[in-house]
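Residue-level listing of the chains:
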Amino acid sequence: MRVLVTGGCGFIGANFIYYMLSKYPDVEIVNLDKLTYAGNLANLRPLEQGPDKERYFFVHGDIADPGAVSGIFEKFRIDAVVNFAAESHVDRSINDPAPFVTTNVLGTQNLLWTAQEKSVPRFVHISTDEVYGSLGAEGKFTESSSLAPNSPYSASKAAADMLVRAYHKTYAFPAVITRCSNNYGPYQFPEKLIPLMFKNAQEDKPLPIYGDGQNVRDWIYVTDHCLGVDLALRKGRPGAIYNFGGDAEKTNLEVVKTLLKQLGKPESLISFVKDRPGHDRRYAMDFSLARKELGFKPEHTFEQGLEKTLSWYRENQEWMQSVQSGAYLEFMKQWYEDR
Ligand code: NAD
Ligand code: TYD
């Protein structure tokens, strides 16, 4: 099976490519990535130097560019598409929503259009729990919860989900949507909570927690998400939506305190800063449908996953240095100055 993975140079896409190539000797991957600030060729360097390199092809391009996408289908027979490519950071979407609409909405439309024209037998669209909005103290999101996105990021993801749904209904296109909770693990760009807190703690810098730190996320180790996507790719019902979660609800303050403890750093590094506008209070996923139909079950507790993650970041300090371009540092500086 040859799978077109989009956004494979990002955090989850790169982990998914490693996961698939090591699990299935008959799988080949074509990776289409625009190499934005979040896409890093270094994420796949070990692969390009290892025994699986013959089954991996990289194409530099934009999912929103019709020529780039159709060119791939002319060059390669594609058996399935997994669409990870996205602008993915909520804070950036608040500062500048336009690229989120271009990539997440128009890019997904372009990919869907070409894939259905080429009669691709399988399309998995990677979405997020954030499309459901925010929960109160009780309850969990199910696949039939209404969509109520609160940030430009989640609104663009919800719009893409609607297009995927419409392609299934209108063209009987065999697409599946997966919605996952917050991921963490190796190769995550240090603008997201866990790698940013690791980086700051290592450098004895303040760890900025938005608001009161009581916002809750349901954390999932990235390879558990990869397992879910693999199951959806192989066994998902066309037209279905599957929630994935980690069964690990934590407040941000709990996450940061656990991280500091594992790193042997003091809690005095914690610094409460101005809240994110429109900050969703709580996410929690009911993934009983994925459990029942796909056999999905996360394999890591939060403590196990965090330990693996922190060990990886400790052993890969060079990676951390390499992803921090001038543009990224400028963005973060501005962001903190605004607070
Ligand atoms: P990321 O920001 O780390 O990586 C995104 C990748 O997409 C990068 O390699 C980037 O270069 C590429 N890309 C961006 N625009 C592109 C374009 N126009 N054409 C081609 N490539 C492009 O993101 P991530 O955290 O790996 O997230 C991957 C997917 O999973 C996204 O769709 C995101 O919405 C979804 N998701 C993420 C999380 C999470 O916790 N990170 C949770 C649920 C769902
Ligand atoms: P983030 O990793 O940006 O993911 P998302 O917004 O998609 O959930 O943020 C996770 C949580 O951590 C979210 O509630 C915002 C909070 N947060 C902070 O408190 N401080 C930070 O510096 C960052 C990046 C996030």
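Refer to the structure printed above.
Here's what I pulled together on the structure shown here. Small disclaimer: the values here were computed from a predicted structure and weren't measured.

## What about the site of ligand 1?
- Near ligand 1 there are 28 residues, and of these D33, D62, S88, Y153 and K157 occur at the shortest range.
- A distance of 3.1 Å is found between a nitrogen atom of ligand 1 and a backbone nitrogen or oxygen belonging to K34.
- Within the backbone of F84, a nitrogen or oxygen atom sits 3.0 Å from an oxygen atom of ligand 1.
- A total of 840 Å² of accessible area belongs to ligand 1 in isolation, and the protein chains cover 97% of it.
- Taken together, the elements giving at least two residues each to the shell around ligand 1 come down to α1 (11-23), β5 (123-128) and α6 (152-171).
- Residue contributions to the shell around ligand 1 peak at 3 residues, all from β5.
- Per-class residue counts for the shell around ligand 1 are 12 nonpolar, 12 polar and 4 charged.

## Considerations on the pattern of salt bridges
- As enumerated under the stated definition, the model contains 18 salt bridges in all.
- Residue K205 is joined to E203 by a salt bridge in which the shortest nitrogen-to-oxygen separation is 2.9 Å.
- Taken together, the salt bridges that share partners define one network made up of K23, D230 and R234.

## A few points about the sheet that holds strand β11 (residues 241-244)
- In spatial order, the strands read β3-β2-β1-β4-β5-β6-β11; together these 7 strands make up an open sheet with parallel pairing. One side of each edge strand has no neighbouring strand; the edge strands of this open sheet are β3 (56-60) and β11. Strand after strand, the sheet turns through a mean of 20° between neighbouring axes, direction not considered.
- With 5 bridges connecting them, strand β2 (residues 28-33) and β3 associate as parallel partners. Paired with I29 across the strands is Y56, a residue of β3.

## Description of the packing of helix α5 (residues 98-117) against α6
- In the contact formed by α5 and α6, the axes pass within 8 Å of each other and the chain directions differ by 15°. In terms of orientation, α5 and α6 fall into the roughly parallel class. Like other packed secondary-structure pairs, α5 and α6 cross with a definite hand, here right-handed. Counting all contacts with α5, which are made through F100, V101, N104, V105, T108, Q109, L112, W113 and Q116, the residues of α6 involved are Y153, S156, K157, A159, A160, L163, V164, Y167 and Y171.
- The residue inventory of the contact of α5 with α6, partitioned by class, reads 12 nonpolar, 5 polar and 1 charged.

## Notes on the state of the cysteines
- Counted under the stated rule, the structure contains 0 disulfides.
- Counting only cysteine sulfurs, C226 is the nearest neighbor of C180, a cysteine outside any disulfide, at a range of 9.3 Å.
- In this structure C180 comes out as buried when scored by relative accessible area, which is 4%.

## Considerations on α1
- With 13 residues, α1 extends 19 Å between its outermost C-alpha atoms, agreeing within 8% with the 18 Å of an ideal straight helix rising 1.5 Å per residue.
- Counting buried positions along α1 gives 10 out of 13 residues, so the element sits mostly inside the fold.
- When we look at burial in α1, the residues that qualify are F11, I12, G13, A14, N15, F16, I17, Y19, M20 and L21.

## A look at the site of ligand 2
- Around ligand 2, 18 residues are found, and the nearest of them are E130, P208, Y210, R276 and H279.
- P208 places a main-chain nitrogen or oxygen 2.8 Å from a nitrogen atom of ligand 2.
- At a separation of 2.9 Å, an oxygen atom of ligand 2 approaches a polar side-chain atom of N252.
- Contributions of two or more residues to the shell around ligand 2 are made by α7 (193-202) and β8 (207-210).
- Looking at the shell around ligand 2 residue by residue, the class counts come to 8 nonpolar, 5 polar and 5 charged.

## Brief notes about the nonpolar core
- In terms of nonpolar packing, the biggest core is built from 68 residues, with F16, I29 and V82 touching the most fellow members.
- No other element matches the 8 residues that α1 contributes to this core.
- Ignoring sequence-local partners within four residues, the contact set of F16 consists of V5, V82, F84, C226, V229, D230 and L233.
- Counting 21 residues, the second-largest nonpolar core is a separate cluster that includes I63, I72, F76 and A85.

## Focus: the environment of L112
- Following the sequence through the fold, L112 ends up in helix α5.
- A relative accessible area of 0% places L112 in the buried class.
- When the C-alpha positions of L112 and Q202 are compared, they lie 43 Å apart, and in sequence the two are 90 residues distant.
- Filtering out sequence-adjacent residues up to four positions away, L112 remains in contact with F123, L163, V164, Y167 and F173.

Cut-off values and rules
- Residues numbered from 1 in each chain as written.
- Chains lettered and ligands numbered in written order.
- Predicted model: local features only at pLDDT ≥ 70, side-chain atom pairs only at ≥ 80, totals over all residues.
- Heavy atoms only, no water.
- Near = heavy atom within 4 Å.
- Polar contact = N/O pair within 3.5 Å; in protein donor to acceptor, adjacent residues only side chain to side chain.
- Areas by Shrake-Rupley, 256 points an atom, 1.4 Å probe, with all protein chains shown as cover.
- Helix = DSSP H or I, 4+ residues; strand = E, 2+ residues; numbered from the N terminus.
- Nonpolar A, V, L, I, M, F, W, Y, C, P; charged D, E, K, R; others polar.
- Salt bridge = Lys/Arg side-chain N within 4 Å of Asp/Glu carboxyl O.
- Pairing = 2+ DSSP bridges.
- Axes fitted to C-alpha atoms, helices over the stretch in contact; angles between N-to-C directions.
- Parallel < 35°, antiparallel > 145°, perpendicular 65-115°, else oblique.
- Left-handed = near helix turned anticlockwise from the far one by under 90°.
- Contact = heavy atoms within 4.5 Å.
- Disulfide = S-S within 2.5 Å.
- Buried < 20%, exposed > 50% of the residue type's maximum accessible area, 1.4 Å probe, protein only.
- Expected span 1.5 Å × (residues − 1).
- Core = buried A, V, L, I, M, F, W, Y, C linked by side-chain atoms within 4.5 Å.

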